[in-house]
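Here is how the chains run, residue by residue.
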Amino acid sequence: AERFASTGDLEGAPAAAGSHLYVGTLDGQVNAFAAYGPDRGETMWSTEIPGELKGAMTAHGEVVYAVSRAGHVTALDHENGAEQWQFSTEGGVARSVALYCKRAHQTKFGRCRAGDPSEGRDATESVMVTDQTGRAYAVDADDGTEQWRTQLDGPLTAPVVAGETVLGGRERGRLYA
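Residues numbered from 1 in each chain as written. Predicted model: local features only at pLDDT ≥ 70, side-chain atom pairs only at ≥ 80, totals over all residues. Heavy atoms only, no water.

Trainee: Explanation requested: the overall build of the protein in the structure shown.
Mentor: Each helix and strand counted, the protein has 0 helices and 17 strands in total. With 177 residues in all, the protein has 46% of them scored as buried. For the protein, the share of sequence-separated contacts (at least 6 apart) that also reach a separation of at least 24 residues comes to 40%. As displayed, the protein offers around 9,100 Å² of accessible surface, 46% of which is attributable to carbon and sulfur atoms. (Helix = DSSP H or I, 4+ residues; strand = E, 2+ residues; numbered from the N terminus. Buried < 20%, exposed > 50% of the residue type's maximum accessible area, 1.4 Å probe, protein only. Contact = heavy atoms within 4.5 Å. Areas by Shrake-Rupley, 256 points an atom, 1.4 Å probe, with all protein chains shown as cover.)

Trainee: Is there a simple way to think about the pattern of salt bridges in this case?
Mentor: Two side chains of opposite charge can pair, provided their charged atoms sit close to one another. The full count for this structure, using the stated rule, is 6 salt bridges. For R69, the salt bridge goes to E52, with nearest N and O atoms at 3.2 Å. Within this pair, whereas R69 is found in the loop between β6 (63-67) and β7 (72-77), its partner E52 is found in the loop between β4 (43-48) and β5 (58-60), the two being separated by 17 residues in sequence. Classification of R69 as partly exposed rests on a relative accessible area of 36%. Relative accessible area serves as the criterion here: at 42%, E52 is assigned to the partly exposed category. D153 is paired through a salt bridge with R170; the nearest N and O atoms lie 3.4 Å apart. (Salt bridge = Lys/Arg side-chain N within 4 Å of Asp/Glu carboxyl O.)

Trainee: Would you take a moment to explain the environment of M44 for this structure?
Mentor: Checked against the element boundaries, M44 lands in strand β4. By relative accessible area, which is 39% here, M44 ends up partly exposed. Separated by 12 residues in sequence, M44 and A32 have C-alpha atoms that sit 5.3 Å apart. The residues touching M44, leaving out its near neighbours within four places in the chain, are H20, A32, F33 and A34.

Trainee: Can you walk me through the nonpolar core in this structure?
Mentor: As a rule of thumb, soluble globular proteins bury nonpolar side chains together. In this structure, Y65, V73, W85, F87, V97, V127 and V129 are the most contacted members of the largest nonpolar core, which totals 15 residues. Secondary-structure elements contributing two or more residues to this core are β6, β7, β8 (83-88), β12 (124-130) and β13 (135-140). Of the residues forming this core, the biggest block, 3 residues, is contributed by β6. Those residues in contact with W85 that sit more than four places away from it in its chain are Y65, V73, T74, A75, V127, V139, D140, A141, D142, D143 and G144. With 13 residues, the next largest nonpolar core counts A32, I49, L53 and V64 among its residues. (Core = buried A, V, L, I, M, F, W, Y, C linked by side-chain atoms within 4.5 Å.)

Trainee: Explain the sheet that holds strand β2 (residues 20-24) here, please?
Mentor: The strands making up a sheet associate through backbone hydrogen bonding, with each pair oriented either parallel or antiparallel. Strands sit in the order β1-β2-β3-β4 across an open sheet of 4 strands; the sheet is antiparallel. The strands lining the two open edges of the sheet, one partner per strand, are β1 (15-17) and β4. Strand after strand, the sheet turns through a mean of 20 degrees between neighbouring axes, direction not considered. Pairing geometry for β2 and strand β3 (residues 29-34), over 5 bridges, is antiparallel. Note on β3: the bridge partner recorded for H20 is A34. (Pairing = 2+ DSSP bridges. Axes fitted to C-alpha atoms, helices over the stretch in contact; angles between N-to-C directions.)

Rendered as structure tokens:
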């Protein structure tokens, strides 16, 4: 077993993409570790996002997504941790984000898998996020601009995407589609 030295208390599940393992800490630190090869276990980069991290990390292709309790979704470059864009919700983010894959299909773990390469676009079209006030948002995966939002009745769980439907749950057994 390999040990990866983190700088703080871990928050949520890590994410893996390519040769990196991405780990977030409560104090807003995102760390990338070499997952295999001669550098296995070494810190590749570390960066800080605004506010405390909340929920699981999400990684796909060349982007790592981190969310904060303050309501920010931050897209980071997978190679160096540089911020690509940031989106702010009106309420604190409920948990992690989900990815909408228009020209691809999702694996059973909610990650996008590229479709036909002749279509000429990465599989990830939108980043889905819910907040503590009951809003669900779709954000453009390329630049972080809001595509749409809807207000639901109370705080939601982390979103899940099934085909072209976004699902979010609430306490007491409610599920919204």
